[in-house]
Amino acid sequence: MNENELQQTLSYLSSEINRIETIAGTLSGVESEHYKTLTNLGEDEKLQQLALEEQNASRQLGEIKSICLALSQKIEELQNKMPQ
Amino acid sequence: MLLFIGRLTRKIANEVVDKAIARMAKDQYTENLFEMIPVTKKVGLINLMENVMRAEHGTPPGRPFGTHMRFSPWDKLLFNPVHLHRFPTPENVAIDSSVTIGKNAKKPLTISTPIMIAAMSYGGALSKNAKIALAKGASKIGTATNTGESGLMEEEREAASLLIGQYNRGGWLNEPVKYKRLDAIEIQLGQGAQGSTPQRTTAKNIGKEYREVYGLEKGEDALIHSRLPGVDTKEQFIALVKKLKEETGVPVGIKMAATHHLEKEMQVALEAEVDFITIDGAEGGTHAAAPILEDDLGLPTIFAISRAAKFLAKKGAVKDVSLVATGGLVTPGDFLKALALGADALYTGTIAMMALISVQTTKTLPFEPPTGLAIYNAKATEKLDIEQSANRLFNYLNAATQEMGLVCYSLGKTSLSDVSLNDLCTLDPFLSRALGIELGYVAPDEQNEYFEGFTDLPLHEMARQNKSESSAEQHLH
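Now for a quick tour of the structure. Everything numeric here is computed off the predicted structure, so don't read it as measured data. (Residues numbered from 1 in each chain as written. Chains lettered and ligands numbered in written order. Predicted model: local features only at pLDDT ≥ 70, side-chain atom pairs only at ≥ 80, totals over all residues. Heavy atoms only, no water.)

### Focus: the environment of G412 of chain B
All names here are of chain B.
Turning to step 1, where the next piece is worked out: Mapped onto the elements of the fold, G412 is located in the loop between α14 (386–411) and β14 (424–426).
Turning to step 2, where the next piece is worked out: With a relative accessible area of 25%, G412 lands in the partly exposed category.
Turning to step 3, where the next piece is worked out: In the structure, G412 is positioned 153 residues away from T259 in sequence and 35 Å away in space, judged by C-alpha atoms.
Turning to step 4, where the next piece is worked out: Residues contacting G412, with those up to four places away along its chain left out, are V82, F87, P88 and T89. (Helix = DSSP H or I, 4+ residues; strand = E, 2+ residues; numbered from the N terminus. Buried < 20%, exposed > 50% of the residue type's maximum accessible area, 1.4 Å probe, protein only. Contact = heavy atoms within 4.5 Å.)

### Thoughts on the interface of chain B and chain A
Many descriptions give the size of an interface as the accessible area lost when the pieces come together.
Turning to step 1, where the next piece is worked out: Contact residues are listed per partner, giving 17 residues for chain B and 12 residues for chain A.
Turning to step 2, where the next piece is worked out: Each partner contributes to the roughly 1,200 Å² buried at the junction of chain B and chain A, and carbon and sulfur atoms together form 40% of this total.
Turning to step 3, where the next piece is worked out: For the interface between chain B and chain A, the tally reads one salt bridge.
Turning to step 4, where the next piece is worked out: In this structure, E53 of chain A and K140 of chain B form a salt bridge, with 2.8 Å as the shortest nitrogen-oxygen distance.
Turning to step 5, where the next piece is worked out: For the interface between chain B and chain A, the tally reads 10 residue pairs in polar contact (both at pLDDT 80 or more).
Turning to step 6, where the next piece is worked out: If you list the elements that add at least two residues to the side of chain B that touches chain A, you get β3 (109–111), α4 (128–141) and α14 of chain B.
Turning to step 7, where the next piece is worked out: For the side of chain B that touches chain A, the residue count by class is four nonpolar, 10 polar and three charged. (Buried area = accessible area lost by both parts, 1.4 Å probe. Salt bridge = Lys/Arg side-chain N within 4 Å of Asp/Glu carboxyl O. Polar contact = N/O pair within 3.5 Å; in protein donor to acceptor, adjacent residues only side chain to side chain. Nonpolar A, V, L, I, M, F, W, Y, C, P; charged D, E, K, R; others polar.)

### Some details on a negative patch on the surface
Turning to step 1, where the next piece is worked out: A surface patch of negative charge is lined by D445, E446, E449 and E452 of chain B.
Turning to step 2, where the next piece is worked out: Locating E452 of chain B in the fold gives a position in the loop between α16 (447–451) and α17 (458–476). (Patch = residues over 30% accessible without salt bridge, like charges linked within 9 Å, V, L, I, M, F, W, Y side chains within 5 Å. Areas by Shrake-Rupley, 256 points an atom, 1.4 Å probe, with all protein chains shown as cover. Lys, Arg positive; Asp, Glu negative; His and termini not counted. Charge placed at Lys NZ, Arg CZ, Asp CG, Glu CD.)

### A short note on the pattern of salt bridges
Residue and element names in this part refer to chain B.
Turning to step 1, where the next piece is worked out: In this structure the tally under the stated criterion is 25 salt bridges over all chains.
Turning to step 2, where the next piece is worked out: Residues E156 and K131 are paired through a salt bridge, measuring 3.0 Å at the closest nitrogen-oxygen approach. Linking E156 in helix α5 (residues 154–159) with K131 in helix α4, this pair joins segments that are 25 residues apart in sequence. The pair formed by E156 and K131 is uniform in burial state, with each residue classed as buried.
Turning to step 3, where the next piece is worked out: We note a salt bridge from R227 to D232, for which the minimum N-O separation is 2.9 Å.
Turning to step 4, where the next piece is worked out: Bridged by salt links that share partners, the residues E50, R63, E294 and D295 form one connected network.

### Focus: the pairing of strand β10 (residues 252–257) of chain B
Residues and elements named next belong to chain B.
Turning to step 1, where the next piece is worked out: Burial analysis of β10 places six of its six residues in the buried class, the great majority of the element.
Turning to step 2, where the next piece is worked out: Side chains V252, I254 and M256 project from β10 onto one buried face, and the interleaved G253, K255 and A257 project onto a second face that is buried too.
Turning to step 3, where the next piece is worked out: Here strand β7 (residues 184–188) pairs with β10 via four bridges, running parallel. If you follow I185 over to β10, its bridge partner there is V252.
Turning to step 4, where the next piece is worked out: In this fold, the crossover linking β10 to strand β11 (residues 276–280) by way of helix α9 (residues 262–271) has right-handed handedness. (Pairing = 2+ DSSP bridges. Right-handed = clockwise from strand over helix to strand, strands pointing away.)

Keep in mind that these numbers describe shape and distance, not what the molecule does.
So this is what it looks like as structure tokens:
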């Protein structure tokens, strides 16, 4: 793979990671809403457990956002190191 | 019938208590049962029974869960809510709880909550079922669990999405074929409840599976040496860290007992370019250790975290080296205060075990302690329900993370990692000076004025004299 192709691949990865970051952020919000909805549906133990799992999913999607951000920074470092 | 039994019991109790009080009132004090009360208060109930155990067995009692003393005054710290000068965090903003350990490693370790499961080994401490349940619960929440000082148990590796392994003083995980399968490597130099004291599990207490995981021969004891095998000099330690980092790419750190020599120990770790440092305070738990090691050795967690964080800041290493705190952290409040003092993440052991067992305590109580469900080769080991345990641990970690997040809204912070010393005040003047936290008694702009006379206190003079004496002693040596 020549430098130009590598640069293009890095750009592609960066753009896709940005998309994943956005999707994770959106889904995190959705899961958070689900948690709120489920906690309003009565005292059923299974529903309450589902609510906790939705809350956890929301948190882990938040974590994915952080990972994506770190990956984007790594890619940017690589791109900056390559000859323009 | 029940009414009759109830009345009879009351009558018997009444007679017994009346006679006991009359007897205690009449008997000479030296022959009086009541003497147990002052003597127990003098010696302490725990010491009383532990002395009986020493006398009975002739060996140090192995006390589970670490010291009962709360050395770290966490309750003297309070968070500072905000209203107007800085606004609270809006409720529709999610509080970020993720943490990355070893940011400079080729493969950093990112966890969804700063709470990780502490090192508790299979065999040396816990049963296989308990280890699998810990791994499952941790994986469900998105955090890491720790092997403890043992070999690599396949079932634990499979159940844990993130597994930190201890390169240990027993040598059981110290082969590339094992440590290359880990998500982070923690070089175990010591622990809060035992310092760097050697430990031994006798062969008679080691079963077939235990031997397989540890690579022991039949009849061989499991020995934890005071030093890491093959590491007798600073240079050998530095070479070991370099080798592990090159071979694996995962974060490589150390775990040590908190000590007054903290900064000197950390200096060597920084020279070795570790990715993280785990400090285990004197309140750290353990499977079993002699009371003297648990009660009389080490440095309290609160001061250890503060000193370690300040040292990393002084060395400009805060971003390069993650600080992991552990040892006697009991409540989500303790956890968040530890983060505010400068820890990046933390381990919980005792509390994780309590959450894991949770309502299953009914399977052993009132005739056996609940630990019997989770300890290796204990009486009720097989009764532990793995799935139920994993779910309870998940629920606990979820609740504790959420609880820490609640404080963040009041502090106007959007991430647990943003909480800092400025978000705390203290109710103790000495803690204020030691930890660098403002004293809650007086306004921020009156802090210096309040402490002005403190340098004239006799204690300060004594400390100065002690310092000059000790430096004179050092010159003599």
